[in-house]
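Understanding the architecture of this molecule
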Amino acid sequence: MFWNKKKNKSTEFKCSECGQVHLEWPALTFKSPANYDFLSDKEKTELGKLDSDFCEIHYTDQIDRFIKVTLTQKLKDACETLEYGLWVSLSEKSYVDYKENYNNPNHKTGYFGWLCSNIPEYGNTSLIPCDVMTKSGNNRPEIFPHEDFDHPFVRDYYDGILKTEAENRIKEMIKNVG
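To keep things clear, this report deals only with the structure shown in the data block. Numbers given to residues run from 1 along each chain, matching the order in which its sequence is written. Only residues with pLDDT of at least 70 are given local features in this predicted model, and only at 80 or more are side-chain atom pairs given and counted; all residues enter the totals for whole chains, interfaces and linings. Only hydrogens and water are removed before side-chain values are computed, so all heavy atoms of the structure are retained for them.

With respect to the overall build of the protein
Of the regular secondary structure elements, the protein holds five helices and eleven strands. Classification of residues uses two cut-offs on accessible area relative to the type maximum, computed with a 1.4 Å probe and protein chains only: under 20% is buried, over 50% is exposed, and between them is partly exposed. The buried share of the protein, reckoned over its 178 residues, is 41%. By definition, residues are in contact when any of their heavy atoms lie within 4.5 Å. For the protein, contacts bridging at least 24 residues in sequence account for 50% of all contacts bridging at least 6. Accessible surface is estimated by sampling points in the Shrake-Rupley manner with a 1.4 Å probe; for residues, cover comes only from the protein chains shown. About 10100 Å² of surface is accessible on the protein, with carbon and sulfur atoms providing 48% of the total. Counting from the N terminus, the helices are DSSP H or I runs at least four residues long and the strands are E runs at least two residues long.

Some points on the nonpolar core
We define the nonpolar core as a collection of buried residues of types Ala, Val, Leu, Ile, Met, Phe, Trp, Tyr and Cys that are connected through side-chain atoms lying within 4.5 Å of one another. Of all hydrophobic cores here, the largest spans 38 residues; its most connected members are Ile67, Leu82, Tyr84, Leu86, Val132 and Ile143. When residues of this core are traced back to their parent elements, those giving at least two are strand E6 (54-58), strand E7 (63-74), strand E8 (81-89), helix H3 (92-100), strand E9 (110-115), strand E10 (129-133), helix H4 (152-159) and helix H5 (163-177). The leading source of residues in this core is E8, at five residues. Beyond its immediate stretch of four places on either side in the chain, Ile143 contacts Val69, Thr70, Leu71, Leu86, Val88, Leu115, Cys130, Asp131, Val132 and Tyr157.

Brief notes about H4
Within the sequence span of H4, burial applies to Phe153, Val154 and Tyr157. Projection of H4 onto a plane perpendicular to its axis shows the buried side chains occupying an angular sector of 100°, all on one side. Lining the buried residues of H4 we find E7, E9 and strand E11 (142-145). Of the residues trailing H4, Gly160 is marked for its positive phi of about 90°. As used here, the arc is the angular range of directions from the helix axis to the C-beta atoms.

What to know about the packing of aromatic side chains
Each Phe, Tyr or Trp ring (for Trp, its six-membered ring) is paired with any other whose centre lies within 6.5 Å, and the angle between the two planes then decides the class: stacked below 30 degrees, edge-to-face above 60, tilted in between. Evaluated as defined, the whole model comprises eight aromatic pairs. Relative to Tyr95, the ring of Phe54 has its centre 5.8 Å away and its plane inclined at 90°; by these criteria the two rings are edge-to-face. Of this pair, Phe54 sits in strand E6 while Tyr95 sits in helix H3, placing them 41 residues apart in sequence. Neither Phe54 nor Tyr95 differs from the other in exposure class; each is buried. Measuring from centroid to centroid gives 5.1 Å for Phe54 and Tyr102, while their planes differ by 65°, and the two rings are edge-to-face. Linking Phe54 in strand E6 with Tyr102 in the loop between H3 and E9, this pair joins segments that are 48 residues apart in sequence. Residue classification places Phe54 among the buried positions, given a relative accessible area of 8%. Ring pairs connect the aromatic residues Phe54, Tyr95, Tyr98, Tyr102 and Tyr111, which therefore count as one cluster. Looking at Lys99, its charged tip hangs above the ring of Phe54, at a distance of 5.0 Å from the centre. Two conditions define a charge located above a ring, namely a distance within 6 Å from the ring centre to NZ of Lys or CZ of Arg, and an angle within 35 degrees of the ring normal.

A few points about H3
Within H3, the full set of buried residues consists of Ser94, Tyr95 and Tyr98. The arc that holds every buried residue of H3, seen down its axis, measures 100°, which confines them to one face. For H3, the exposed residues lying more than 90 degrees away from the buried face are Lys93 and Glu100. Residues of H3 that are buried sit in contact with E6, E7 and E9.

Written as structure tokens, this is what we have:
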């Protein structure tokens, strides 16, 4: 991927996956939860199950369950937003309910989850408590960090970040992926 500015100051980037040029900001996405990333290649093969929306890690004494979600970061000084594709862990009951209703376009509910993606600008962001809200139309659920949890990521989520910070995050993500 690459990122550049056009003369009219809109953002465009060439996607390394589809090869197309997009005019909107790319979503900053994580292909797997941090818990899965920490596994060795052998452990991933033996313990893990990963696809684009679900991840399970089968230990001898427990199963960890994760789903892909979105988070929308507001900006203080612009009308754009920065989109994230993140992972959260859910309880067995919530995970089963979500999976059973995955193809139901009318399923709307909420779950409690723990953020399980480490966002580079914040160091360890795993285990931030979140409300996970499903959406009708089979869109990925959106998360809302608990406002009373003391962490710079949570403060920035509620206070907003500057457009230049969002652009820097996009540049870094593209540099590290492409």
